[in-house]
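The primary structure of each chain is shown beneath.
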Amino acid sequence: MFWVLFLLVAWAVTGLNCIRLCVAASEAAPLPEGTGSDRELSLYEAAFLAGGPQRVTDLTLISMHRRRRLLLAHTGWATVVDPLGEDDLERSVIGAIGPAGQAPIAAVRSTASTADAVRVLADRLVGDGLAVPDSARTQMVSAVRGVRAAGLATAALATAAVLMAPLDGVDTGRVLAWFTLPLLLVVGCLAIARIEVHPYTRWASPDGRRLLGSLVTQHGTGTGGEHALLASVAVLGVGALEDPELRAALADGGSASAHRSL
């Protein structure tokens, strides 16, 4: 009766991970109430809510490049043109490039995305109730991944049990029927998580996403001048850029080639 042992293991793995997801969901909700649900977002704030710290860094790099304060080459290198940043985020980018005045874009993005200026921005948005706290998002993402892994493990155990069932003289249909129960539990938990928990795995809270929608409605995407272009980058990422060389400079491939050239 080895298949029964496999079934018990499947139930244990599934049950523990589903309980973990429920606990993470209860700890994450409700999000802290804030007073920022009716204010207008800055482009930096919109970038964080739409794509997190790296989106903020990308927006800063693009803004500085378009104002000729920074040169982003399609080969994946950033060069300082004006060493005096106009705000804390620009100064963090310049500091990430270093005293040599030139550095791979991939390294700049990695360093600037963890700078104090980005953390201050994140803390302000969390305090206003517009961003999901990092701890809540991390726990939720980890719990959802755990349930998915439990589903794969249950499927693997079911396969092994079916292969061993003839040796025990047990009908394979009966074995599959028993393993269907933990699989249904996994599917149900993931379905509920998609509806109830998924908002907590994003950067923006429900209020933050509403303000992001208002920003898109006001400025559109891709047209309408410099501010509209930067708003598109903040909301959609570097894919909103029409300049192919600038997209190449910020693309993962360009960053990788820059690392290989070191």
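Rules used in this analysis
- Residues numbered from 1 in each chain as written.
- Predicted model: local features only at pLDDT ≥ 70, side-chain atom pairs only at ≥ 80, totals over all residues.
- Heavy atoms only, no water.
- Helix = DSSP H or I, 4+ residues; strand = E, 2+ residues; numbered from the N terminus.
- Buried < 20%, exposed > 50% of the residue type's maximum accessible area, 1.4 Å probe, protein only.
- Axes fitted to C-alpha atoms, helices over the stretch in contact; angles between N-to-C directions.
- Parallel < 35°, antiparallel > 145°, perpendicular 65-115°, else oblique.
- Left-handed = near helix turned anticlockwise from the far one by under 90°.
- Contact = heavy atoms within 4.5 Å.
- Nonpolar A, V, L, I, M, F, W, Y, C, P; charged D, E, K, R; others polar.
- Core = buried A, V, L, I, M, F, W, Y, C linked by side-chain atoms within 4.5 Å.
- pLDDT = per-residue confidence, 0-100.
- Patch = residues over 30% accessible without salt bridge, like charges linked within 9 Å, V, L, I, M, F, W, Y side chains within 5 Å.
- Areas by Shrake-Rupley, 256 points an atom, 1.4 Å probe, with all protein chains shown as cover.
- Salt bridge = Lys/Arg side-chain N within 4 Å of Asp/Glu carboxyl O.
- Lys, Arg positive; Asp, Glu negative; His and termini not counted.
- Charge placed at Lys NZ, Arg CZ, Asp CG, Glu CD.
- Pairing = 2+ DSSP bridges.

Chemist: Just to check I follow, could you spell out the environment of arginine 109 for this structure?
Modeler: For arginine 109, the location among the structural elements is in helix H5 (residues 105-112). Of the residues examined, arginine 109 reaches a relative accessible area of 6% and is grouped as buried. With 141 residues separating them in the primary sequence, arginine 109 and leucine 250 have C-alpha atoms 9.3 Å apart.

Chemist: Mind showing me how you'd approach the environment of alanine 228 here?
Modeler: Looking at the element boundaries, alanine 228 is found in helix H10 (residues 226-236). You can call alanine 228 buried: its relative accessible area is 4%. The sequence separation of alanine 228 and leucine 43 amounts to 185 residues, and the corresponding C-alpha distance is 9.9 Å.

Chemist: Explain the packing of helix H4 (residues 88-97) against H5 to me, please; I cannot follow it from the model alone.
Modeler: When two helices pack together, their arrangement is given by the angle between the helix axes and the distance between those axes. Two elements in contact, H4 and H5, have axes separated by 9 Å at closest approach and are oriented at 130 degrees. Between H4 and H5, the interaxial angle falls into the category oblique. For the pair H4 and H5, the sense of crossing is right-handed. Contacts between H4 and H5 involve Ser92, Val93, Ala96 and Ile97 from the first element and Val108, Thr111 and Ala112 from the second. Tallied by class, the residues present in the contact of H4 with H5 amount to five nonpolar, two polar and no charged.

Chemist: Just checking my understanding: could you explain unusual backbone geometry for this structure?
Modeler: With the exception of glycine, the majority of residues adopt a negative phi angle, and the majority of peptide bonds are in the trans configuration. One non-glycine residue, arginine 68, adopts positive backbone phi at about 60 degrees. Along the chain, arginine 68 falls in the loop between helix H3 (53-66) and strand E1 (70-72).

Chemist: So what exactly am I meant to see when it comes to the nonpolar core here?
Modeler: Within the largest apolar cluster, 46 residues are counted, with the highest numbers of intra-cluster contacts made by Leu49 and Leu72. Contacts of leucine 49, omitting those with residues within four sequence positions, involve Leu41, Leu125, Leu130, Ala131, Trp203, Ala204, Gly208 and Leu212.

Chemist: Can you help me understand the confidence of the model for the protein chain in this one?
Modeler: Any residue range with low pLDDT should be treated as having predicted coordinates unsuitable for detailed reading. Taken over all residues, the pLDDT of the protein chain has a mean of 84, while the share at 70 or more is 85%. Segment residues 253-262 is flagged for pLDDT under 50; beyond a separation of four residues in sequence, or across chains, it makes 15 contacts in the model.

Chemist: Please clarify how a positive patch on the surface should be interpreted in this entry.
Modeler: Residues Arg145, Arg148, Arg194 and Arg202 make up a contiguous surface patch of positive charge. On the secondary structure map, arginine 202 appears in the loop between helix H8 (172-197) and helix H9 (206-219). Look at arginine 202 and you get partly exposed, because its relative accessible area is 35%.

Chemist: I would appreciate a short explanation of the pairing of strand E2 (residues 77-80) in the present structure.
Modeler: Put simply, side chains in a regular strand alternate between the two faces of the sheet. Residues Ala78 and Val80 of E2 are buried on one face, while the alternating residues Trp77 and Thr79, pointing to the opposite face, are not. Note: E1 against E2, three bridges, orientation antiparallel. The residue of E2 that forms the bridge with leucine 72 is alanine 78. The turn joining E1 and E2, which pair antiparallel and follow one another in sequence, is formed by four residues; a positive phi near 100 degrees is taken by glycine 76. Bridge count between E2 and strand E3 (residues 102-104): three bridges; the pairing is antiparallel. Bridge pairing links alanine 78 to alanine 103 in E3.

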